[in-house]
Each structure stands twice: as C-alpha cells, then as structure tokens.
Amino acid sequence: MPVTRHRRVPRRLLATGLATLLTATGALAVTTQPASAGLTFLRPTSVAVTDAERPTGTFPSTDGTVPVGTWKDPDGGRHTSRAYFTYDLTRYHGQRIISARAITGEQSVNNCDKPRQLELWRTDTPVTPPTWKNSPTARKKIADLSLPEAPCPWSYLSKLITETVATAVAGQQDSLTLMIRIGDAEESFKHGRRITNLGLSLEHNAAPDVPGKLSVGGVACTDATFVGTSTPELQAELTDPDVNETGGGDHVTATFAWWPVDRPAERTEYTWPSSMHAPARFRYVVPQGQLVDGGHYAFAVRSADQYGDTSAWSPECRFTVDTRKPAEPTVVSTDFPPYPQQSVIGPNVPGRFTVGANGSDDVVRYQYWGYDGSGQVAADGPGGGATFTYTAKRPGPHRIEVYSVDRTGNLSVTVNYEFWVRDTAPRITDGNPEGRLGQPREITFSPAMADVTEYVWWFNGEERTVAANADGVATVTVTPTQIQNTLRVRSRTSGGVPSGDAEYNLYVRTSPFVSSPNWPDNGWPGTPAGTEGTFVFRPAMDDVVEYVYSFDYGDPQTVPAGPDGGATITYTPRDASSHTLEVFSRTGAGTQSESTYYSFHAASVAPEVDSQVYPRNLTGGGPGIPGTFTFTPHAGTSGVTSYVYQFTDEPERTVEAGADGTATVEWTPRSLDSGFGGWVQLQVRARTAGGIVTDAQYYSFRVDPKSPLVTSDVFGPHGGAVVGQTGEFVFTSQLAGSTEFVYSIDGGPERTVAVGADGTARVTWTADSPYSHNITVRSRTAAGVVSGQAYYGIWIDWS
C-alpha cells in the first residue's frame, strides 16, 4: 500500500517509539515464561485479514503487518480490510490480570491528512477463519487507537484494555478475539493504514502455592509427631508460580496459625512482618506460655504475595508436646563388671552391655560413648531394653556413657559406667637388648592368658604369625637395620580369642659412649680450667674407623679409632664454666652414627682481684684518678709466676708475680667510656711456672664520670623562659684540676670557656626558638683528662 504523505517528526521521538514497539512486539528477545510480578507480552495465536473486494476469503499476515481501511494493490485494485487477532488465555486461568495494554504501530499510511480513527473491538471468537461476508459478531468497541497528538505515521500506538482481558480471564474464557478497523466514516474513502500485528502486554499475578514441607521442632509432620519443647519452631516452605528467568519469584510472606486440637476456637495467628523471594522457608517460634506438656496441637500456614493474593491454608500439622525426660537407663555387663572388679575378657574382644528403660515407657533408643567407640541401638519396643557390644582396645580403666532417648528426642541423664579391662597382652623379652645394628636378637613372647596357641606379631609394620609351644611361649628372631624399631604382638587362643596388644620400642644405639677421668657428666666440677684432661670414646657400632667431635659447638675435629674401635683425646678447657662435647662415629662404609652430647663443668682457679679506688661492681675513682689493682692466686693454684690482664678496649698486658704469687698494677682512665656508661671490665688470668694458664677472673667496676654541674636561674626543663629572653648558665667543675669547659648547645659546634678560680664558669645564651633545647658540658684538665658529659634540658615557651 503506497504512502501518499508523511508528516515530519522529530528523530528522537521516532527512535523512542520504534524502540518501544520493537520491545513490545517481540522484535527484541521476549520470554514466554511468566516473569516474577507476571510481565508477559502475548502474541496472537492467529491473525486474519478480511477484504470487502474478496468477501469470502481470509488472508493471513505474512510479514507481521496487516492492512486496515481502504488501500490499493500494485495493479490498482481497491480494497477495504479489517484485521482479527485471537489470543490464547488458558495459561492465565486462575490468575489476576493487573493490567493489559494493546500495542501496535503504523508501518505506512496512505493519507496522513485524514484522522487516524483506528478502532479496537472485542468480537466473538470465530469457529472458522473469518471473512468479510462471514465475520465474527462485534460485541463492543473497547478503545480508540487514534492518538491525535502522535505524528503520522507513528510506530507505537497503545491503549489500556485491562477490563476486557480481566473479564475474559475471570470468566475462564480460553481465548479472546480483537478486531482493528477504520471508523465507519472513513473506512471506505481511501483512508488506509498498514499496522503491525496487535500484541497484548499483560501484567498478571498467580496466587501463591499452598505452603508445604511443614515441620515442627525440626521434625517433619507425620501422623504421630512429638516435640520436646513448649516453644517449638514451626516451619513451612512457601513457593509461588510466578517465576522469572533467573528462578526468582514474587515476594511472599507467611501467616502461621496454631490451636489446641480439641479447641479449634482458641486459634492464634501470626503474620510475618517482612517478606522474602519465593521459594523461601519461613520459621516461627511459638512464644513461651502458649503450649503445655502433654497438649495436642495443630498448626497450618497460609501464603500471601506482594499483590495481596493469598493461597489456601495448608493441610494442618498435628503434634504433641512432650517435655518430660526419660529416666536414666540401667546398665549391666557380665563381660565388663563394674569397677573395681576386673573384666572377664581383655582388649580386642567384644563385650556385651544390656541397657534398660528403668520404667520410662516411651524410650525408643539408647546412645553410648566410650574411649574406643560409640553408637546407638534401638529399644526392643517402646520402653524396652537393648543389648550392644563394645570392644576395648587397651587394658586398664574405662568408662562408657549411656543415655536413653524417648520418642520425642528427649535425652535422659547420662549414666557413667566405669569398669576395668584386665591386661591380656603377652610379655616381650629381648634376649640381646644391647645389640647393635645388623645383629640378630632373639625375642620371646610369653602369654598372659590361658590356651594361647599362636602369636600375631608386627615388626616395623610387617605382619607375621608364629605358633606357641605347649606352655604358650614362642620365640622369634629379628635383625634391626634402623635405629628406631617397633615390635607389636597379640596372642590368640585355640578358639580364636585375641589378647590385648603389647608393644616394644626397640631402640638401637649408634651414638658412641663417652667418658672422662677428669670431668664427670654428673654436673659436679671436674679438673680446673686451664688443666689438660682426657676423654675416651667407645663405639656403639661395628667397624668404627673414626670419631668427629667438637667442643662448645666449635669447629669439628677428627680422631682415628684404634683397633678396638675406641679413641682418646686431650683437651684443656680455657674457662671455668659448663662445656659441651659433641661426638659421632663413622664406619668404614661411611655410615654415620647419632651424636652423643657430653656436658661437663671445669672448676675455676681464676685469681682474685681487689681495688680500693675502683671496687667491684661499684662506682669509684674518676677520669685521671689512678687506681691500684691487686692480683692474688686461687687457693688451688701454686707456682704462679705472672698474670695476663686486660682492661676494656685496651691491649692485653703481663705483670710478673712476686715471691708470694701476688702482683699489683696501676691504671688511670684518661676519659669516660660513654658507650658503656663508664663501666669497665678487667680480665685476669694466672700463669704458672709449668705453663698452665688459669681461667679468667672477670672484675667489673664503674668510673665516676665527675661530670660538671649545670644550673640556670632563667632556663630550665619545665619552661618559664620565652623566645628572645637572655639568661646565664653556670658550670661547676667536679673533676680536680679542670682548666676549661667544653660545651655545645643543641648539638652545635663545641665551644670552650675557662674555669675560674672558684671552679665555675658562666655562659650567656638568648633563646631563639620555642620548645625543646639542650646543652652538653664536659670539663678538661691541662693534661687533657676529660670528665664525663653533663646533659641539661631546656624548654622555651612561645610567650
């Protein structure tokens, strides 16, 4: 149908209308699955066009468009047409139509000067394809699609027809037929339009499904449901048929109702104040005081969605409240009588326990736990007893805990049954406990129970079996080839009854034996430090050719082994303290043993040191003040001819001893060692005529720093002075003979000021900035002796 005229429309408006129409008519992806909130674009199941010029024919839509009104074909033939659209409504039965919008669009118009006059009618649904001559009865005009304000042609024309569609769905109509035509006044006067097939945009909602999967107290509802609490949790699963592409559903909420079975009028309801996306599981805990022990109750659940549609009530779930705990069970066993009796059977043999309900008529099972196993066993009918077996894995004290469980799941008080499992494990005797690697050992198994006919034993994991003699004894031979070995054995009677397991950790020593006639390893001091002594090594392996040893984790040394595999070394400990000797052996084949660690203590024969000016561990003397130190030999040392001594950071020196073995040295510090706070360590060793040098005596003392005193009437560490204020510092010497002070302010360059006759000096300073400042001062003599440093902190206020 040719277009005779177009009205110019804004490009933006055309684009918006086209996009809307494409989305609405399904040119874009449109799901046929109802979405959450029920948004669906419904296409016609059939489209028919009638033609006044061909009154008995029906013409389909072949390109998604239809002509309405009067138009001409390519040959100039004149036609007048109407279009019929039929829709399948069966899928919406039982749902509520929230809104329905009819949507089409103009593809071409033969005369845009004419009013649009598109009319939408509801007709009967045709039984046969409609023709101009035999068309379905038009029942009601339901909308004008004129939209006079819209440009021509316009790609998006729509009208709400909610009442028409909702009435059809509510009336359970399977289909709905709509007709589009040009109004009577213009239909036959060259007024024609080609439009897209009419679609319906539906917003619809199905009521939620009836809630299911009801449970109470975590138990699914059955014909006989019991709960062990008067405040059980009620649960139900809510679903909704409206599902979107990702599986989400409508927002739903639940109403719980509960009542005594024999008094349904006493019904209580609770509606959840919030909603969740279906499917969802809702839970509600019945408040305290609503239910009583022994009461029979029922509950049901109803669902409502966000549109206010509700489901039917679920089938009721009935339950009984039972909060009474069963009595503690009785527990007896002839195989494992109660402590202090010993068991009849030993480890690895199943023993029987019999439990009873102790008068509780609703016990359905028993649960037990022990060191070597746990489980449960059903009662022999409601309130009945039960028997279970338990296998102890070790001898000695055991305890098994048993409690009964009633039909509701209530637990009784736990019974603690204590018993003693006798030891039936065989005895293991090692015939060569000092055997070395590779040497066979004869191991004897002796029974601890009667009628033993064989032993099952494992050596380093390998299982073997050996028959017992008439006395129940068996002997096997093992040859250990590794240091750590495990042997486990279990006896068995002629009737197949096993014993408990015996285990023997077979350790093969490879570390050498170490001894010394000079230094025992029992913690007592041995030969004095500085004295030579010996250590003897003996092998714990065959074919030892050498020993590798070190003292105090120092450099390793090697000594060859003698023909007997042993070796002897000499050693002179320098210090009187604890020492460690580490030694291991090595065979001709290169096999290395484990190490032996031998700890010993060398006795001290360090000389004594004394000083009056610089007493031990105290402060004395001072820079430039000489001190005398006297060295006296230890009572256990004779023939001392000299002493080797050293002050901190000074070279080692030697002084000869007098006839009485003593010596005196004089030492004068030139300055204070500020790195150690003035502390000095003196090391002194004595040397005898025989060349023995004793261990060291460590003598510590602190040199008095003789630091100057610093005072000021203006400046101090707590403020009071301000920026720009000038004041004096007074330095007072503490070091005799000081001739000048060396000082620095805030770490700046050092300056000097002479010491006055009264031992003081004054320095003037002007504060140039606020906050923290400091001054450091030392005094110095004409001979260059320097005192310790004095530190004086200053705080300057802003104003």
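Refer to the structure presented above.
Here is a short report on the structure shown in this document. The structure presented is a predicted model; accordingly, all values stated were derived computationally and were not measured. (Residues numbered from 1 in each chain as written. Predicted model: local features only at pLDDT ≥ 70, side-chain atom pairs only at ≥ 80, totals over all residues. Heavy atoms only, no water.)

### Quick look at the overall build of the chain
From N to C terminus, the chain includes two helices and 61 strands. A globule of 799 residues ought to have a C-alpha radius of gyration of about 28 Å, yet the chain, at 55 Å, is considerably larger. Seen through its principal axes, the chain has C-alpha atoms that stretch 155 × 110 × 65 Å. In the chain, which comprises 799 residues, the share counted as buried stands at 45%. (Helix = DSSP H or I, 4+ residues; strand = E, 2+ residues; numbered from the N terminus. Rg over C-alpha atoms; globule rule 2.2 N^0.38 Å. Buried < 20%, exposed > 50% of the residue type's maximum accessible area, 1.4 Å probe, protein only.)

### What about the sheet that holds strand β51 (residues 663–667)?
On the basis of which strands lie adjacent, the open sheet formed by three strands has the order β46-β48-β51 and antiparallel pairing. Because the sheet does not close on itself, it has two edges, and the strands there are β46 (608–610) and β51. This sheet shows a mean twist of 25 degrees between the axes of neighbouring strands, independent of strand direction. (Pairing = 2+ DSSP bridges. Axes fitted to C-alpha atoms, helices over the stretch in contact; angles between N-to-C directions.)

### Focus on the state of the cysteines
According to the stated counting rule, one finds two disulfides in the structure shown. The disulfide that involves Cys 221 links it to Cys 317, with 1.8 Å between the sulfurs. Between Cys 221 and Cys 317, the S-S dihedral sits near -95 degrees, and the bridge is therefore left-handed. Here the residue Cys 221 occupies a position in the loop between β15 (219–220) and β16 (226–227), and Cys 317 occupies one in strand β23 (residues 317–321), the gap between them amounting to 96 residues. Exposure remark for Cys 221: the relative accessible area of 28% places this residue in the partly exposed category. With its bonded cysteines labelled in order along the sequence, the chain shows the pairing 1-2, 3-4. (Disulfide = S-S within 2.5 Å.)

### Remarks on a nonpolar patch on the surface
A cluster of nonpolar side chains, namely Val 723, Tyr 771, Trp 795 and Trp 798, defines an oily patch on the protein surface of about 420 Å² accessible area. Within the fold, Trp 795 resides in strand β61 (residues 790–797). Residue Trp 795 is classed as partly exposed on the basis of its relative accessible area, which comes to 34%. (Patch = residues over 30% accessible without salt bridge, like charges linked within 9 Å, V, L, I, M, F, W, Y side chains within 5 Å. Areas by Shrake-Rupley, 256 points an atom, 1.4 Å probe, with all protein chains shown as cover. Salt bridge = Lys/Arg side-chain N within 4 Å of Asp/Glu carboxyl O.)

### Thoughts on the pairing of strand β45 (residues 596–603)
Examined bridge by bridge, strand β39 (residues 525–528) and β45 share three bridges and lie parallel to one another. Residue Gly 526 lies in a different strand from β45, and its bridge partner there is Ala 602.

### What about the nonpolar core?
Counting 36 residues, the largest nonpolar core has Leu 120, Ile 161, Val 165, Leu 178, Ile 180 and Leu 200 as its most contacted members. Sequence-distant contacts of Ile 180, that is, excluding residues within four places in its chain, are made with Val 68, Arg 82, Ala 83, Phe 85, Leu 118, Glu 119, Leu 120, Leu 145, Ile 195 and Leu 198. (Core = buried A, V, L, I, M, F, W, Y, C linked by side-chain atoms within 4.5 Å. Contact = heavy atoms within 4.5 Å.)

### Concerning the sheet that holds strand β10 (residues 157–160)
Sheet architecture is open: four strands sit in the order β1-β13-β6-β10, paired in antiparallel fashion. The strands lining the two open edges of the sheet, one partner per strand, are β1 (39–42) and β10. Mean inter-strand twist for the sheet, computed between neighbouring axes without regard to direction, equals 25 degrees. As defined by bridge partners, β1 adjoins strand β13 (residues 199–206) across four bridges and the pair is classed as antiparallel. Paired with Leu 42 across the strands is Leu 200, a residue of β13. Helix α2 (residues 162–170) contacts β6 (95–104), β10 and β13 of the sheet and is inclined by roughly 135 degrees relative to β6.

### Description of the packing of aromatic side chains
Here the structure, examined in full by the defined rule, presents 52 aromatic pairs. Relative to Phe 701, the ring of Trp 667 lies with its centre 5.6 Å away and its plane at 75 degrees, an arrangement referred to as edge-to-face. One end of the pair, Trp 667, is in strand β51; the other, Phe 701, is in strand β53 (residues 697–703), with 34 residues separating them in the sequence. Pair check on accessibility: Trp 667 and Phe 701 agree, each one buried. Through a chain of ring-to-ring contacts, the aromatic side chains of Trp 519, Phe 535, Phe 537, Tyr 547, Tyr 549, Phe 551, Tyr 571, Tyr 598 and Phe 600 assemble into a single cluster. One residue, Arg 54, lies across the ring of Phe 59, its end atom 3.9 Å from the ring centre. Taking NZ or CZ as reference, Arg 488 lies 4.0 Å from the ring centre of Trp 458, over its face. (Phe/Tyr/Trp six-rings, centres within 6.5 Å; stacked < 30°, edge-to-face > 60°. Lys NZ or Arg CZ within 6 Å of the ring centre and 35° of its normal.)

### Observations regarding the pattern of salt bridges
A full pass over the atoms with the stated rule returns 33 salt bridges. Through salt bridges with shared partners, a single network forms among Arg 82, Arg 181, Asp 184 and Glu 187.

### Points about α2
Looking at α2, one finds that the buried residues are Thr 164, Val 165, Ala 168 and Val 169. Looking straight down α2, one finds its buried side chains confined to an arc of 125 degrees; they lie on one side. In α2, the exposed residues that point more than 90 degrees away from the buried face are Glu 163, Thr 167 and Ala 170. Residues of α2 that are buried sit in contact with β6, β8 (118–123), β9 (138–144), β11 (175–182) and β13. A positive phi of about 60 degrees marks Gln 172, the residue just after α2. (Arc of directions from axis to C-beta.)

### What to know about unusual backbone geometry
The omega angle of the peptide bond from Ala 278 to Pro 279 is 0 degrees, so this bond is cis rather than trans. Relative to the helices and strands, Pro 279 is located in the loop between β20 (276–277) and β21 (280–285). Even without being glycine, Asp 543 reaches a positive phi, approximately 60 degrees. With respect to the secondary-structure elements, Asp 543 resides in the loop between β40 (533–538) and β41 (544–551). Judged by relative accessible area, which is 51%, Asp 543 ranks as exposed.

### Some details on the side chain of Arg 441
Tracing the sequence through the fold places Arg 441 in strand β32 (residues 441–446). For Arg 441, a relative accessible area of 2% translates into the label buried. In this structure the side chain of Arg 441 is engaged in a polar contact, spanning 2.8 Å, whose partner is the backbone oxygen of Gly 435. (Polar contact = N/O pair within 3.5 Å; in protein donor to acceptor, adjacent residues only side chain to side chain.)

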